[in-house]
Each structure stands twice: as C-alpha cells, then as structure tokens.
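# Per-entry structural report
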Amino acid sequence: MSQFGYALRELSAAQKSAKGVSLYSRYVNRPAGRILAAAGYQLKLTPNQVTLISAAVTFAGVVLIATLKPSPAAALGIVAALALGFALDSADGQLARLTGAGSAAGEWLDHVVDCAKMLAVHMAVLLAFYRHFGFSDPVFLLLPVAFQFAAVMVFFGGILTDQLKRAERLRNGAGRPAAAPVSTLRAVALLPVDYGVFCAAFLLFGSRDLFVAAYCALLAAHLLFMVAFLVKWYRELSGPVR
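A brief structural summary. (Residues numbered from 1 in each chain as written. Predicted model: local features only at pLDDT ≥ 70, side-chain atom pairs only at ≥ 80, totals over all residues. Heavy atoms only, no water.)

## Some thoughts on the overall build of the protein
- Secondary structure assignment for the protein yields nine helices and zero strands.
- Seen in sequence order, the protein has helices and strands lined up from the N terminus as α-α-α-α-α-α-α-α-α.
- For 242 residues, the compact-globule estimate of 2.2 N^0.38 gives 18 Å, and the C-alpha radius of gyration of the protein, at 19 Å, lies within 12% of that figure.
- Principal-axis analysis of the C-alpha atoms gives the protein an extent of 55 × 50 × 30 Å.
- Out of the 242 residues in the protein, the part that is buried amounts to 40%.
- Look at the contacts in the protein between residues 6 or more apart in sequence, and 83% of them connect residues 24 or more apart.
- Of the accessible surface of the protein, which amounts to about 12800 Å², a share of 68% is contributed by carbon and sulfur atoms.
- Taking the average location of the 21 positive side-chain charges in the protein and that of its 12 negative ones, the two points are 5 Å from each other. (Helix = DSSP H or I, 4+ residues; strand = E, 2+ residues; numbered from the N terminus. Rg over C-alpha atoms; globule rule 2.2 N^0.38 Å. Buried < 20%, exposed > 50% of the residue type's maximum accessible area, 1.4 Å probe, protein only. Contact = heavy atoms within 4.5 Å. Areas by Shrake-Rupley, 256 points an atom, 1.4 Å probe, with all protein chains shown as cover. Lys, Arg positive; Asp, Glu negative; His and termini not counted. Charge placed at Lys NZ, Arg CZ, Asp CG, Glu CD.)

Here it is in structure tokens:
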C-alpha cells in the first residue's frame with residue numbers, strides 16, 4: 001500500500017468527534033483536509049509546514065479580495081483560495097495526530113495563524129467596500145469591523161473556554177468527558193457561523209448587492225451566536241467543569 005493510501009486509511013479511522021461541528025466542516029472540510037493530510041504525509045511535510053502553506057493560500061485569497069474588481073472570475077479565485085486554505089487548516093491537525101508530531105508550539109502557531117486570517121479577510125472586505133463597491137458611508141465601512149469583532153470573539157472565547165476546562169479537569173484529576181451524542185439539528189444551526197460557509201459567500205462577490213446581503217446576513221448570525229456562546233461558556237465555567 002502506498003504511503004498516501006496508508007495515511008488515508010489511518011486518518012479515516014481516527015477522526016475527531018463531530019460534536020459541535022457544522023455540516024460543512026463534517027462533510028466537506030474535514031474529508032478534504034484528510035486527503036490533504038495524506039498528501040502531506042506522502043510528501044513528508046510537517047504539521048507546521050502545512051499550517052504555513054494554509055496561511056499562504058488564505059492570504060493569497062485575501063489579496064484577491066482587496067485588489068481585484070468584483071467579477072465572477074474573481075469570485076471563483078477567492079473562494080478557491082479561501083476554501084483550500086481552510087481545508088489545509090484541518091489537514092495540519094490531522095497530520096499531527098497521524099505522525100504524533102503535535103506540540104504546544106504547533107497548536108500555538110495554528111491558532112495564531114487562524115486569528116490572523118480572520119482579521120485579514122475582513123480588513124480586505126473593508127478595502128473592497130471602499131475601493132470597488134463605492135461605499136463611503138461609515139455605516140457600510142463599519143460592517144467588516146463589526147464582523148471582525150464578532151468572529152474573533154467567538155474564536156477566542158471558544159479556544160479560551162476549552163483551555164480553561166482542560167486546566168480545571170487536570171486540577172481536579174478528572175479524565176476526558178464522555179463523548180456527547182452528535183446532533184444533526186445543531187450541525188445545521190451552526191452553518192451560519194462556519195468559516196467554510198463564509199468562504200462560500202464569496203461566490204457572490206461578482207454582485208455588489210448579493211454579496212453585501214449575504215455578508216450582512218452572516219454578520220447578524222455571528223453577532224447572535226456571539227452573545228449566545230458567551231453566555232453559555234460563562235455559565236459552564238461558573239459551575240462544575242465536566
């Protein structure tokens with residue numbers, strides 16, 4: 001069996017829990033990341049190298065958003081770069097589990113790169129609004145700022161909550177919590193705040209009105225989920241950590 005086939009088989013048998021994961025990540029991004037991780041294994045790439053490739057591909061998409069005039073061709077290029085960058089973001093973790101090469105430094109690099117992507121993509125949208133969509137009204141230019149705020153709050157809040165729960169379990173000598181059942185309804189409900197769905201919204205980048213409508217809809221979802229998640233995480237940390 002080839003190294004690629006071996007890696008793909010091992011990765012297929014060792015997937016993370018689907019709890020708290022949207023349908024896009026479960027059925028599109030993770031399988032794509034699995035293929036890319038197997039390719040990385042065959043090429044003898046390290047997880048950190050895959051993380052940096054993910055960053056380079058994503059930032060190529062960011063540059064396209066900020067510089068290209070909106071068009072169907074530009075939209076396809078942007079979506080391809082952002083979606084591939086997101087799949088590679090899944091691949092680095094899968095490769096780390098496969099090779100046993102995971103480390104605190106690697107996890108740190110992955111999270112820092114993820115945060116940089118979120119900040120950059122919305123700054124690029126702001127530039128596109130101003131340069132190519134003709135928006136000079138501060139109300140429109142504040143939309144990417146608000147989206148950036150909500151996305152980073154959800155990302156950072158989730159990461160911090162997981163770390164604090166892990167630390168609390170270690171202090172109490174508790175093991176890993178039992179795996180909760182996977183909810184299809186929750187997986188559907190999480191689609192509006194899935195980064196992959198956000199990437200797909202750029203398919204509408206060729207039409208100002210359609211893209212702005214989709215962007216605003218996803219912004220509203222992020223703001224609502226941000227409030228709900230922050231309340232949920234605070235309550236979880238206020239009680240016994242399981």
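## Comments concerning the packing of aromatic side chains
- Across all of its chains, the model carries 22 aromatic pairs by this definition.
- Relative to Phe86, the ring of Tyr24 has its centre 6.3 Å away and its plane inclined at 10°; by these criteria the two rings are stacked. Within this pair, whereas Tyr24 is found in helix α2 (residues 23-42), its partner Phe86 is found in helix α4 (residues 72-99), the two being separated by 62 residues in sequence.
- Owing to a relative accessible area of 18%, Tyr24 belongs among the buried residues under this scheme.
- Here Phe229 and Trp233 contribute two aromatic rings whose centre-to-centre distance is 5.2 Å and whose plane-to-plane angle is 15°, an arrangement assigned as stacked. Here Trp233 and Phe229 lie together in helix α9 (residues 208-238), a separation of four residues that amounts to about one turn.
- When its relative accessible area of 13% is taken as the criterion, Trp233 is described as buried. (Phe/Tyr/Trp six-rings, centres within 6.5 Å; stacked < 30°, edge-to-face > 60°.)

## Structural notes on the state of the cysteines
- Per the counting criterion, the structure on display carries zero disulfides.
- Looking at Cys216, it has no disulfide partner, and the nearest cysteine sulfur is the one in Cys199, 18 Å off. (Disulfide = S-S within 2.5 Å.)

## Some words on a nonpolar patch on the surface
- Together, Leu76, Leu203, Leu204 and Leu210 make up a nonpolar patch on the protein surface, roughly 380 Å² of accessible area in all.
- Relative to the helices and strands, Leu210 resides in helix α9. (Patch = residues over 30% accessible without salt bridge, like charges linked within 9 Å, V, L, I, M, F, W, Y side chains within 5 Å. Salt bridge = Lys/Arg side-chain N within 4 Å of Asp/Glu carboxyl O.)

## A closer look at the packing of helix α5 (residues 104-131) against helix α6 (residues 138-172)
- One can describe the packing of α5 onto α6 by two numbers: an axis separation of 7 Å at closest approach and a directional angle of 170°. By the criterion of interaxial angle, the relationship of α5 to α6 is roughly antiparallel.
- Class assignment of the residues belonging to the contact of α5 with α6 gives a composition of 18 nonpolar, four polar and three charged. (Axes fitted to C-alpha atoms, helices over the stretch in contact; angles between N-to-C directions. Parallel < 35°, antiparallel > 145°, perpendicular 65-115°, else oblique. Nonpolar A, V, L, I, M, F, W, Y, C, P; charged D, E, K, R; others polar.)

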